[in-house]
Amino acid sequence: MGQLIQEEQSQLIDTGIKMSGARAVLEILLREEVEYIFGYPGGAIMPIYDELMDYQDRLKHILTRHEQGATHAAQGYARTSGKVGVCFATSGPGATNLITGIADAQIDSTPLVCITGQVSAHLLGTDAFQETNIIGISMPVTKWNYQVTSADEIPEVLAKAFYIAQSGRPGPVLIDITKNAQFDTCNFQYKKCLGFRSYIPVPSINDLQVKQAAEAINRSKKPLLLLGQGVLLANAESELKHLIEKADIPTAWTILGLSGLESDHPLNMGMLGMHGNYGPNLLTNECDLLIAVGMRFDDRVTGNLDHYAKQAEVVHIEIDPAEINKNVHADYPVLGDAKAVLEKLIPLVDQNDHNDWKERFKRCRQEEQKKVIEKAMNPTSDQLSMGEVMKWINQYSGGEAIVVTDVGQHQMVACRYAQFRQSKSSITSGGLGTMGFCLPAAIGAKLGSPDQEVVAIIGDGGVQMTIQELGTIMQCEIPIKVVILNNEFLGMVRQWQELFFDKRYSATEMMNPDFVKLAQAYNIQSERVLERDTLDAAVHRLMSSKESYVLEVMVAKENNVFPMVPTGASVSDIILEKPNNYESK
């Protein structure tokens, strides 16, 4: 990913100022309106960190406790602020520690600019101390990457990096800068990149495609709209609501589309996917039209593709041409930015009502309420459930909090039961499913949206992967509400072992530290809940605290998340509870 393409459209910002490459990096960050840098210093990036001392009043550096934490924090910041997340790391292990977060950002379309230090250019290829080929390593999981070996390259390369990261379908960019390029001087000339030849981030909208999609919607008797993260990335929430209200279309969301439509909206039918709501999954195979907006038909949404919505026509509105017909054939593909497409589509769509069709969703919801939701939110067992914890969080948040989740059972429970009234309020690792994502992502989410409460919902397994970021919370005094749902198991793996592997709980039972004492060691308020009659008051203390707070809740060890689409099954094979004769595989 090397040679720069010339003939860039650009806007002249600065010319003719002589400065070091390290200083040029920081000057560019200011001009790109960067507020926070998440990072960890080291030898190969030390010149940039040295210059950073003179920029502390203009660029805020958040010292994470691990480079992976820096990428996840940058992701959380980008997801709530709508800006590019920026992180720094040194060469070798510092750079390779970024890879998990970069891969997560790539599959979840999160704009990042990651800047790594590198050994001096004359040492490249010599196996110098802390040298690694981060360009080769990161190439499969970045939208673009580039190795800078001369200070003169820095302005042009970084301008392009910011443009690529946030244009079109967003994603992560990695820029590797050799140490000599940081020390050497350049005649600083900054041109903000506005585009370049051969890169078309937003395809032109074909009006015929829009017209055909509208006609399909108008003749549909049983439409179902699938709301993906593309709606949030395009800031198209109001346009989507206008469309579904005008045409009376039941709507379901992917895990990354959560909060794109208010939880209590009458047309919000719930979550798609393996642990999604009963109606949206079951009725996918009964609808006559699927309208997918800004989503990629991930396997967790579709289940077995051979039995996915074969009876339905498909409208697919998508900015990335690579996603069209990749997994599901689109009868009416519409390429373009979701907001712009919906603006063109709405005038062409008829006012409609689908009361009989919506009644089907209502009946499914009633069945799920009886067999699943009521048991999850108001269990009769003596043991606490994850669902009832979410019930009390909703009570005190009023649906106004940003909820950040890790990966596992608690993630599915939180995404199913958390209430949202604001867009961009659900932050989770969707495509990569990265345990350890939550705690650092919550740090970035709070900095990206400081006026909203941030509640981090984490399992006892995932929290220990990045628990050192409690140090970042302590040092930077970031007020985050951390809820550890502790079932002393790797819960989701254990659930699969119960259902499919004859309860052979191999390597999933956890012997945990005292999380309360750990939090206290970081000077963070904390408490543990063991009994139901103390849960309400504990959640109230958590949510009313002005400072960071860790609440550990001991929940049932063997408690499963339902509904569930078994692996390899059709979405219409969704089960609401474990059958008595369920066969392990």
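Scroll up a little and you will see the structure.
Residues numbered from 1 in each chain as written. Predicted model: local features only at pLDDT ≥ 70, side-chain atom pairs only at ≥ 80, totals over all residues. Heavy atoms only, no water.

Novice: Can you help me understand helix H7 (residues 154-166) in this one?
Specialist: Since there are 3.6 residues in each turn of an α-helix, residues three or four apart along the chain are aligned in direction. If you check H7, its first and last C-alpha atoms are 19 Å apart, about what 13 residues at 1.5 Å a residue would give, namely 18 Å. Most of H7 is tucked away: eleven of the 13 residues are buried. Among the residues of H7, those classed as buried are Ile154, Pro155, Val157, Leu158, Ala159, Lys160, Ala161, Phe162, Tyr163, Ile164 and Ala165. Positive phi appears at Gly168, one or two residues downstream of H7, with a value of about 60°. (Helix = DSSP H or I, 4+ residues; strand = E, 2+ residues; numbered from the N terminus. Expected span 1.5 Å × (residues − 1). Buried < 20%, exposed > 50% of the residue type's maximum accessible area, 1.4 Å probe, protein only.)

Novice: What is the right way to read the layout of surface pockets from this model?
Specialist: Rolled over the atoms, a probe with the dimensions of a water molecule shows which regions are left empty. Considering only enclosed or pocket space, the second largest pocket measures out at about 600 Å³ in volume. Forming the boundary of the second largest pocket are 30 residues, of which Lys375, Ala376, Asn559, Asn560 and Phe562 lie nearest the centre. Its residues assigned to classes, the lining of the second largest pocket comprises 13 nonpolar, nine polar and eight charged. (1 Å grid on protein atoms, 1.4 Å probe; cavity = no way out; pocket = protein on both sides within 12 Å on 5 of 7 lines; lining within 4 Å. Points joined across faces, edges and corners; volume = space filled by probe spheres on them. Nonpolar A, V, L, I, M, F, W, Y, C, P; charged D, E, K, R; others polar.)

Novice: Sorry, what's going on with the environment of Gln366 here?
Specialist: With respect to the helices and strands, Gln366 occurs in helix H15 (residues 355-377). Classification of Gln366 as partly exposed rests on a relative accessible area of 48%. Remark: the alpha-carbon pair of Gln366 and Gln212, spanning 154 residues in sequence, is separated by 35 Å.

Novice: Would you explain the nonpolar core in this entry?
Specialist: It is characteristic of soluble globular proteins that their nonpolar side chains tend to be buried jointly. By size, the foremost hydrophobic cluster in this structure holds 103 residues, and its most contacted members are Leu225, Val293, Tyr308, Leu345, Ile457, Val483 and Val553. When residues in this core are grouped by element, the largest group, seven residues, is from H15. Contacts of Ile457, omitting those with residues within four sequence positions, involve Met390, Ile393, Val403, Val404, Thr405, Asp406, His410, Ala414, Cys438, Val483 and Leu485. With 47 residues, the next largest nonpolar core counts Ile62, Val141, Ile480 and Ala519 among its residues. (Core = buried A, V, L, I, M, F, W, Y, C linked by side-chain atoms within 4.5 Å. Contact = heavy atoms within 4.5 Å.)

Novice: So what exactly am I meant to see when it comes to the side chain of Glu239 here?
Specialist: In this fold, Glu239 is placed in helix H11 (residues 237-247). Sequence-distant contacts of Glu239, defined by excluding residues within four places in its chain, comprise Lys339, Leu342, Glu343 and Ile346.

Novice: It is not clear to me how the environment of Phe489 should be interpreted in this structure. Could you clarify?
Specialist: Position of Phe489 relative to the elements: it lies in the loop between strand S18 (481-486) and helix H20 (491-500). Phe489 sits in the buried class, given a relative accessible area of 6%. A sequence separation of 288 residues divides Phe489 from Pro201, and the C-alpha atoms of the two residues are 44 Å apart. Once you skip the residues sitting within four places of it in the chain, Phe489 turns out to touch Asp460, Arg494, Tyr505, Thr508, Glu509, Met510 and Lys557.

Novice: What exactly am I supposed to notice about the pattern of salt bridges here?
Specialist: Pairing between side chains of opposite charge can happen when the charged atoms of each approach one another. According to the stated counting rule, one finds 31 salt bridges in the structure shown. The shortest N-O distance in the salt bridge between Glu239 and Lys339 comes to 2.8 Å. Here Glu239, found in helix H11, pairs with Lys339, found in helix H14 (residues 338-345); they are 100 residues apart in sequence, far enough to count as distant. For Lys375, the salt bridge goes to Glu577, with nearest N and O atoms at 3.8 Å. On the criterion of sequence distance, the pair formed by Lys375 in helix H15 and Glu577 in the segment after strand S20 (549-554) is long-range, its members being 202 residues apart. Linked through salt bridges whose partners overlap, the residues forming this network are Arg169, Asp320, Glu323 and Lys326. (Salt bridge = Lys/Arg side-chain N within 4 Å of Asp/Glu carboxyl O.)

On their own, these measurements won't tell you what the molecule is for.
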